[in-house]
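Each chain is listed here by its residues.
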Amino acid sequence: CRIHDMSGKGTLKQLQSEVLQSKMQGCLKDKLQDFYVRLVLTAHPTQFYPSEVLGIIYDLSRAIINDNTALVNTYLQQLGKTPFLKKQKPTPYDEALSLIWYLENVFYPAAGKIQYYIKNELPGGETANPVIRMGFWPGGDRDGNPFVNAATTLKVAQTLRCGALKCYYGDVTELKRRLTFKGVENVLGELENKLYNNLF
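Residues numbered from 1 in each chain as written. Predicted model: local features only at pLDDT ≥ 70, side-chain atom pairs only at ≥ 80, totals over all residues. Heavy atoms only, no water.

**Concerning the packing of helix α5 (residues 92-121) against helix α6 (residues 150-178)**
Two elements in contact, α5 and α6, have axes whose closest approach is 10 Å; the angle formed by their N-to-C orientations is 20 degrees. As the angle between them shows, α5 and α6 are arranged roughly parallel. The handedness of the crossing between α5 and α6 comes out as right-handed. Contacts between α5 and α6 involve Pro92, Tyr93, Ala96, Leu97, Ile100, Leu103, Glu104 and Tyr108 from the former and Thr152, Lys155, Val156, Thr159, Leu160, Gly163, Lys166, Cys167, Tyr168 and Asp171 from the latter. In terms of residue class, the contact of α5 with α6 is built from 11 nonpolar, 3 polar and 4 charged. (Axes fitted to C-alpha atoms, helices over the stretch in contact; angles between N-to-C directions. Helix = DSSP H or I, 4+ residues; strand = E, 2+ residues; numbered from the N terminus. Parallel < 35°, antiparallel > 145°, perpendicular 65-115°, else oblique. Left-handed = near helix turned anticlockwise from the far one by under 90°. Contact = heavy atoms within 4.5 Å. Nonpolar A, V, L, I, M, F, W, Y, C, P; charged D, E, K, R; others polar.)

Rendered as structure tokens:
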């Protein structure tokens, strides 16, 4: 098993160090005004796991983070007995659901951490625009896929919307527990209610 150097070449920490050493803060600040990366999530029917597998992987990652070896063992055994492939070909909506799981559980938190690091740690990053923009292909690929129609696209769009709102709702709920100051809790409560009503 190889461990990647999270401060080494190609990382934000290395960029920060290089910019400071070469006194290029102004250049970085200018670049961050219009720089972004567009990540477009796409899938092929053979390239995604069923929801049962994704759920176990999520639980397994939490057990590893919490150093709970008993649960790690249990989840690995469960994973070993869970089929990784389904007998029937997934629909475009099934593909979209699989990718929405990654959007909610991997890309959403990672993009937030990256943006936070850029704004708070990189010289000139405080004025940066959002550096990561997301795109989504499944359920909207009208390039000849006979299984994608207007109803599929609408269903995927609604599910994507709910996925994004779920992420925002979780963050606002957590923020509300931390920011309990007079006047702030009412604003956060209203926002939480709006998100809840939009979701449910």
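**Some points on the side chain of Thr152**
In this fold, Thr152 is placed in helix α6. In this structure Thr152 comes out as buried when scored by relative accessible area, which is 14%. (Buried < 20%, exposed > 50% of the residue type's maximum accessible area, 1.4 Å probe, protein only.)

**Section: the pattern of salt bridges**
A complete count under the given rule lists 2 salt bridges for this structure. Taking the shortest distance from any N to any O, the salt bridge between Lys166 and Glu104 comes out at 3.6 Å. Here Lys166, found in helix α6, pairs with Glu104, found in helix α5; they are 62 residues apart in sequence, far enough to count as distant. A relative accessible area of 46% places Lys166 in the partly exposed class. We note a salt bridge from Lys176 to Glu192, for which the minimum N-O separation is 2.8 Å. Here Glu192 lies in helix α7 (residues 184-199) and Lys176 lies in helix α6, a separation of 16 residues in the sequence. For Lys176, a relative accessible area of 31% translates into the label partly exposed. Relative accessible area serves as the criterion here: at 11%, Glu192 is assigned to the buried category. (Salt bridge = Lys/Arg side-chain N within 4 Å of Asp/Glu carboxyl O.)

**Brief notes about the environment of Leu160**
Positionally, Leu160 belongs in helix α6. Once residues lying within four places of it in the same chain are set aside, the contact partners of Leu160 are Ile100, Leu103 and Phe136.

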